[in-house]
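Understanding the architecture of this molecule
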Amino acid sequence: MNAALKRFRIVAWIVGTFLIALMFVAMPMKYFADNDVLVTAISPIHGLCYMIYLVLGFHLAQQAGWKLWPHTIGLLLGGTVPIGSFFVERWAHNRILEEHPQAADPKVREPAA
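The following paragraphs examine the structure supplied in this document. Keep in mind it's a predicted model, so treat the numbers as computed, not measured. Note on numbering: residues in each chain are counted from 1, in written sequence order. Selection of residues for local features in this predicted model requires a pLDDT of at least 70, selection of side-chain atom pairs for listing and counting requires 80 or more, and totals for whole chains, interfaces and linings are taken over all residues. Only hydrogens and water are removed before side-chain values are computed, so all heavy atoms of the structure are retained for them.

**Re unusual backbone geometry**
Of note, the bond from Trp-69 into Pro-70 is cis; its omega dihedral lies within 30 degrees of zero at 0 degrees. In DSSP terms, a helix is any run of H or I states spanning at least four residues, a strand is any run of E spanning at least two, and both are numbered starting from the N terminus. Residue placement: Pro-70 occurs in helix H3 (residues 68-77). Positive phi outside glycine occurs at Asp-34, with the angle close to 55 degrees. Examined against the element boundaries, Asp-34 turns out to sit in the loop between helix H1 (2-32) and helix H2 (37-64). With a phi angle near 65 degrees, Ile-83 is a residue other than glycine that sits in the positive phi range. Note on placement: Ile-83 falls in the loop between H3 and helix H4 (84-99).

Given below as structure tokens:
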């Protein structure tokens, strides 16, 4: 679970950063300065990162044993709201550590499946 949590946390920050850049920099430039260069560049990157976020979030939720509703769905929707992925990442991290304290120790190895 350590590796799944770490991967999710990293991609959540990447998704959040690209979504903020898209919503608060690229979109205003497109509509107020009539320049869509940043939207054209950032949108596909955010889209790809969000798909990775969905896969890693679902994998993390499965490893944690969470039910589909509300925990897994809430986790997955966190990347759709600007700055939401930062809060969801922190919430998921804290919840995982509460439910699975061994996830806090990076020396703990997961059994081979």
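Next, the rest of the story.
**Section: H2**
By this rule the span expected of a helix is its residue count minus one, scaled by 1.5 Å. Between the first and last C-alpha of H2 there are 40 Å, a value that for 28 residues agrees with the 40 Å anticipated at 1.5 Å per step. Note on definitions: a residue-residue contact is assigned when non-hydrogen atoms from the two residues lie within 4.5 Å. Taken together, the buried residues of H2 touch H1, H3 and H4. After H2 finishes, the residue Gly-65 shows a positive phi value of roughly 80 degrees.

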